[in-house]
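Summary of structural features
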Amino acid sequence: MTDLLAKFDGLIAEHAGLLTAGVRDPFGIVMEKVLSPTEAIIKGQHTILLGTYNYMGMTFDPDVIAAGETALRDFGAGTTGSRVLNGTYQTHKECEEALKDFYAMDHAMVFSTGYQANLGMVSTLAGKNEFVILDADSHASIYDGCAMGNADIVRFRHNSAEDLEKRLRRLPPEAGKLVVLEGVYSMLGDIAPLKDLCAIAKAHDATVLVDEAHGMGFFGEHGRGVYEAAGVADQVDFVVGTFSKSVGTVGGFCVSNHPKFEILRLVCRPYTFTASLPPAVVACAATSIRKLMHSHNKRQHLWENTRLLHGGLKARGFRLATETPESAIVSVLMPDQETTVRMWSALIEMGVYVNMSRPPATPAGVFLLRCSICAEHRADQIETVLARFADAAAATGLFRAAA
Amino acid sequence: MTNRDAIYARILELIEPINAKGVPLAEGTTFAGDMELDSLTVMDLVANIEDEWDIVMPLNMLPDLETIGQVADAVAKLAK
């Protein structure tokens, strides 16, 4: 019998090599206790969490927890069914109402994860002989949506309006086109020039979908995302998002004003052919979304924290992926895999958790230590993180290696 | 030199900078197998090829384009 897993032998050897070097497995972290949105116990050690995407710190919000507890008691642990069969409860409808109010849009559809929302929307909107035009740095869920559908897939250079224009110009004018953009690109933490990109897409009669997974909660006057801050709400046809970042639980969604939107519930396979979210999860999400509408102070604090971390790392000599803090993601550029792993390991041993990112998840083959900031981080926690980054760099000889 | 020959020659020039392993390039050289290119590098190469001939080469074509010769054939067809 051919071993079907033999094709992964290279990766298995690489991963094993990493671990025999005596460092902790960056992909095997276990949170033994979670103390708050910003702190957990990992291997018995008190650890500051700086890689959770829990931007607005809603995971332990008392109102959110209470809503979840009530729904768990009243509606049970799960729906055991699809949204289009037995899996739509009152809680799911209330969650969709909360989304419609948050985004001021006519329609909302809740998926079981953000990944499935992109998978479903991208694969369903553009069909055979139509085109998906996507940014080169798009998230895996968008690429996978392309792979699942039947459209022709055209990729433009990251955040380049000029390149998007060039590629749209080459397509047949009459063909259906879906331009897929993200408000915040989560690897480098850079934001998209949505004003320019949307203008070009609309000039070529394309439908525009924007993924605001990493922008919801703190960009724009109502926290709708980068597209709101950029003032292009009237040019965006579909907004996709997630509950697993600012909202603080799990799930995905799409909102839109398209008059025929509701038919998607029957034709979008990642929506139809899976079980719906547990009632407690959507109840948590609905409460959290409604609270996020009024979280102006939290937003402000999140930006303060972000500036503090970005400026502090820069002042300590670290190379960052963006010149200024563009989002609540601050990515530290690393020279190579070995140094990245050693830096990451030194940080976790000192009680700081960040994400380690490497190709092919990262663009242009870069190695990153990715920090995502929470509105609930205290200034003294950020100062501790900065000090430990400097200590870790000294311990691993980072600046020597980079010089 | 026919059009196909010119295209093939130019593709070799576009590939040279990403041929980190220094693999000898021929019609039958494969991108994933012989050159060990990852998918991102291949997609960046496609963008350069699209711009060189002002064509659209959708990413969903890529699974059928394993060798340099197959890419040259595809470009020759698309660039007409």
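What you see is a predicted model, and the numbers here were worked out from it, not measured in a lab.

1. Some thoughts on the sheet that holds strand β4 (residues 107-111) of chain A
Residues and elements named next belong to chain A. Strand order across the open sheet formed by 7 strands is β4-β12-β11-β10-β7-β5-β6, with mixed pairing between neighbours. Edge strands, defined here as strands with exactly one partner in the open sheet, are β4 and β6 (152-156). Recorded for the sheet is a direction-independent mean angle of 20 degrees between the axes of neighbouring strands. Pairing of β4 with strand β12 (residues 252-256), which is carried by 5 bridges, proceeds in the antiparallel orientation.

2. A closer look at the interface of chain A and chain B
Note: interface size is frequently given as the accessible area lost on complex formation between the parts. In this assembly, 10 residues from chain A lie in contact with 11 residues from chain B. When its residues are assigned to classes, the side of chain A that touches chain B shows 6 nonpolar, no polar and 4 charged.

3. Structural notes on unusual backbone geometry
Residues and elements named next belong to chain A. For Thr80, which is not glycine, the phi torsion reads 55 degrees and is therefore positive. By the C-beta count within 10 Å, which is 12 here, Thr80 ends up exposed. A positive phi is found at Asp205, a non-glycine position, where the angle reads about 60 degrees. Its place among the elements puts Asp205 in the loop between α7 (194-203) and β10 (207-211).

4. Some thoughts on the domain arrangement of chain A
All names here are of chain A. For chain A, the domain assignment lists domain 1 (20-56 + 295-402) and domain 2 (62-292). Each of domain 1 and domain 2 has a C-alpha centre, and the two are 27 Å apart. Listed per partner, the contact involves 20 residues of domain 1 and 19 residues of domain 2. Listing elements by their share of the side of domain 1 that touches domain 2, those giving two or more residues are α12 (296-315) and β13 (329-334). Element by element, the count of residues in the side of domain 1 that touches domain 2 is highest for β13, at 3 residues. Here the side of domain 1 that touches domain 2 is built from residues that sort into 11 nonpolar, 7 polar and 2 charged.

5. Focus: the pairing of strand β11 (residues 238-242) of chain A
Residues and elements named next belong to chain A. Taking burial as the measure, the 5 residues of β11 include 5 buried ones, the bulk of the element. Alternating residues of β11 divide into Phe238, Val240 and Thr242 and Val239 and Gly241, and every residue in both groups is buried. Pairing geometry for β10 and β11, over 3 bridges, is parallel. Its bridge partner being in β11, Asp211 is matched across the sheet by Val240.

Conventions used here
- Residues numbered from 1 in each chain as written.
- Chains lettered and ligands numbered in written order.
- Predicted model: local features only at pLDDT ≥ 70, side-chain atom pairs only at ≥ 80, totals over all residues.
- Pairing = 2+ DSSP bridges.
- Helix = DSSP H or I, 4+ residues; strand = E, 2+ residues; numbered from the N terminus.
- Axes fitted to C-alpha atoms, helices over the stretch in contact; angles between N-to-C directions.
- Contact = placed C-beta atoms within 7 Å.
- Nonpolar A, V, L, I, M, F, W, Y, C, P; charged D, E, K, R; others polar.
- Buried ≥ 20, exposed ≤ 12 C-beta atoms within 10 Å, placed from the backbone.
- Domains from an automatic or database assignment.

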